[in-house]
Amino acid sequence: MPSKSFAVVAHVRDWVRQNANALSWLLLLPVLAIVIWEFAASLQKWAGRTVFDADAIATYLPFAKRLLNEGWPFLLTETAAHVPPLSYMIPALFGADLAVQKQVGIALSTLVIPLLFRAGWVLHSRTAGLAAAALYAGSRLFKNFLPTAGVEPLFIFFSAVWLWGLAEGWARQRKWAFVVAGIALGLAALTRATIIYYFPLILGVAWWLSRRSGTDQPKWRGVFFAHLIGFGLVMPVLIKNLVMFGMPAVSTGAGIALFFGSSPLTYGLDQNYFTVGLDITSIIPPGASHLDVTSDRRLLAVAKHMLLTQDPWLTAKMCLIKLHAFLFLSEREWFGVVSEFRNYRILLFAFCWPLIVRLRSFPVVALVLGLLVYQVAAHIPVLYSMRYSVAAIDLGLCFLAALGFAELAARHRWLALAATLLVVWLTGLVMKPDDSHPPYPELNLEAVQSRTVVNWKPEEFRISPTANATQLSPGLFEVGAGGEADIDFDFTAVPELLKLTSHVASFNATVISPRAVHACNPRVLYFYRKLRQADFTMDRAVYGHWYRDDKPHRYSVGGYMNLELYEPGTFRVRLSCEPGTRIRIGDIKIVEPDTGRGYRDSYFKSKGWSGWPAGF
């Protein structure tokens, strides 16, 4: 009997070994199906609450409707050159409907999962493919940007097709796959124009490697012709815009991106993070859009002048701040939990190392890594916004991290795997923000020209009756028993504020407490209530960060974007402090940063101009 049992066990073992491939699919397919289903369902939930439909509503969908109404002649208008052509041509295919285009974005984003799985499988293993699909589907970084009618879902889908095509062409030596990869990257460039200058770089590298002996010459020729096809798709648009508008680009927008990205006031970060507006109306023609060709040309000229004339150390600092934000996200992100997003990025970066040390064994990985490096370098000079970094690098990072994880697992490098996870955990702890200090950078008012609207010393403060903090003497306030202090400055009688522009409230403050070392919560709320508003509201409020020591500090609070600090009203500082804590405010100013006008006039002076010449 025992011998028969052993024989049955041995027979079953042999059968399992012979059919291991089929059995593995019985496990993989349900897992993939669950991942795809859960991902699509999560995007459906996010579709109703994403805040990134503004560009589609304001630009892409109206342009798509114009294309439907006017036909192909619309493509030859200057308006059509404001954004990449596929950003409105694809919505036009689906009737230029917001709800329908959101579903298209969700469908294309979901198709990325099997594309990543297949690419990882053919380049490395099914473990790599499954890991790539899981890392992409499990990333919360994508959720806000994919269920939209914007360009992010289109760009990420075309990028995934490019990646899959390269994998099939290289690993399976399928020539048609290289053609698909080239077409996909060309379409990606016509959706989001940041990658058009990657084509000359990759064409040069692929051509050189295709002529070297000892390399995979046929495969590198495939890579070369793939990207030649992609560049061929982009060239007609470049030539059309150059001939018609003198603009060798797929679309306008470089001017505003470089102007905002060069502004020392916000260190080149998104002005929304500081709730401050940047003055461009003094640069662009009256009533014009910042995307008009003339506006774009002017903004680009002033932005270049700004970079060339400001302190090189400030420019270097700006670049480092933006590099940190692009790779690991800014502390100024205004949605989601930054530490959670950042830790995910750290995880992805950490698992890339097994591939980097064996890069010569994975040529396709080198191509993907090259694109990521290019994307980072191309974005550092321009405006930083989280959405730009996600579209630029996260798909590639998910893929590289998956292959790196699979490389460690396939070689049974369990110690290296554990060490990588330990490094991720420790790095996350080190990069966790310290509550005792505000997130940097703060508004850099000293670096730009400003017009002073209000300049009050403590004796000149006008405190509103709505304030609940007791004023003991000019500029000295005491927190009551409730622990929440509202210090309200009355600007209702300041007619100089009647100007639709960006005003910044700036003041000195010191925390004085006889008992607690950290008497006040580091989080502070700022409100602005205009005369015609009945009360302070949270939709017109912004969060700030309060220093927790007893030293004097300067606080600068932006306006226009959220606070709408451009009409007479009441400015409120709400603090949570220990009862009895005293707050000394030394002075308060309201200034109007003249970033655009200041650098415009400086540019005119350098050219010997008194204004914009005709045709500029």
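Note: the structure precedes this text.
Not measured: the values here are computed from a predicted model.

1. Brief notes about the pattern of salt bridges
Here the structure, examined in full by the defined rule, presents 25 salt bridges. Taking the shortest distance from any N to any O, the salt bridge between R118 and E168 comes out at 2.4 Å. Of this pair, R118 sits in helix α5 (residues 98–123) while E168 is found in helix α7 (residues 152–171), placing the two residues 50 residues apart along the sequence. E168 gets classed as buried once you look at its relative accessible area, which sits at 2%. Between D488 and R572 there is a salt bridge whose closest N-O contact spans 2.8 Å. Residue D488 is located in strand β4 (residues 484–490), and its partner R572 is located in strand β9 (residues 569–576); the two are separated by 84 residues in the primary sequence. Using a relative accessible area of 7% as the deciding quantity, one classes R572 as buried. Taken together, the shared-partner salt bridges connect E484, D486, D488, R572 and R574 into one network.

2. Focus: the side chain of R387
Among the structural elements, R387 can be located in helix α17 (residues 386–410). The exposure class of R387 is buried, given its relative accessible area of 11%. At a separation of 2.9 Å, a polar atom in the side chain of R387 contacts the side chain of E152. Dropping the residues within four chain positions of it, R387 is found in contact with F52, D55, F145 and E152.

3. Here's the deal with a nonpolar patch on the surface
Nonpolar side chains collect at one region of the surface, where L76, M235, I239, L242, V243 and M244 lie side by side and expose about 550 Å² of accessible area between them. By the secondary structure assignment, M235 is in helix α10 (residues 217–245). Exposure remark for M235: the relative accessible area of 30% places this residue in the partly exposed category.

4. Here's the deal with the state of the cysteines
Inspection of every chain in the model, using the stated rule, returns one disulfide. Disulfide pairing is shown between C520 and C577; the S-S distance is 2.1 Å. Judged by the torsion about the S-S bond (105 degrees), the C520/C577 disulfide is right-handed. With C520 in the loop between β5 (504–512) and β6 (523–530) and C577 in the loop between β9 and β10 (582–593), this residue pair connects regions lying 57 residues apart in the sequence. With respect to class, C520 is no different from C577; both count as buried.

Parameters at a glance
- Here the residue index of a chain counts from 1 through its sequence in written order.
- Totals for whole chains, interfaces and linings use every residue, but because this is a predicted model, local features are given only for residues with pLDDT of at least 70 and side-chain atom pairs only at 80 or more, for both listing and counting.
- Side-chain numbers come from the whole structure's heavy atoms, not from hydrogens or water.
- We define a salt bridge as a contact between a side-chain nitrogen of Lys or Arg and a carboxyl oxygen of Asp or Glu at a distance within 4 Å.
- Working definition: helices are DSSP H or I runs of at least four residues, strands are E runs of at least two. Numbering for both runs from the N terminus.
- Each residue is assigned to one of three classes by its accessible area relative to the maximum for its type, calculated with a 1.4 Å probe on protein chains only: buried under 20%, partly exposed between the two thresholds, exposed over 50%.
- Polar contacts here mean pairs of N or O atoms no more than 3.5 Å apart (in protein, one a potential hydrogen donor and the other a potential acceptor; neighbouring residues in sequence count only if both atoms are side-chain atoms).
- Contact definition: two residues touch when any of their heavy atoms are within 4.5 Å.
- Each patch is built from residues that are more than 30% exposed by relative accessible area and take part in no salt bridge. Like charges join if they lie within 9 Å; nonpolar side chains (Val, Leu, Ile, Met, Phe, Trp, Tyr) join within 5 Å.
- Accessible areas in this description were obtained via Shrake-Rupley with a 1.4 Å probe; residue shielding takes into account the shown protein chains only.
- Note on terminology: pairs of cysteine sulfur atoms within 2.5 Å are recorded as disulfides.

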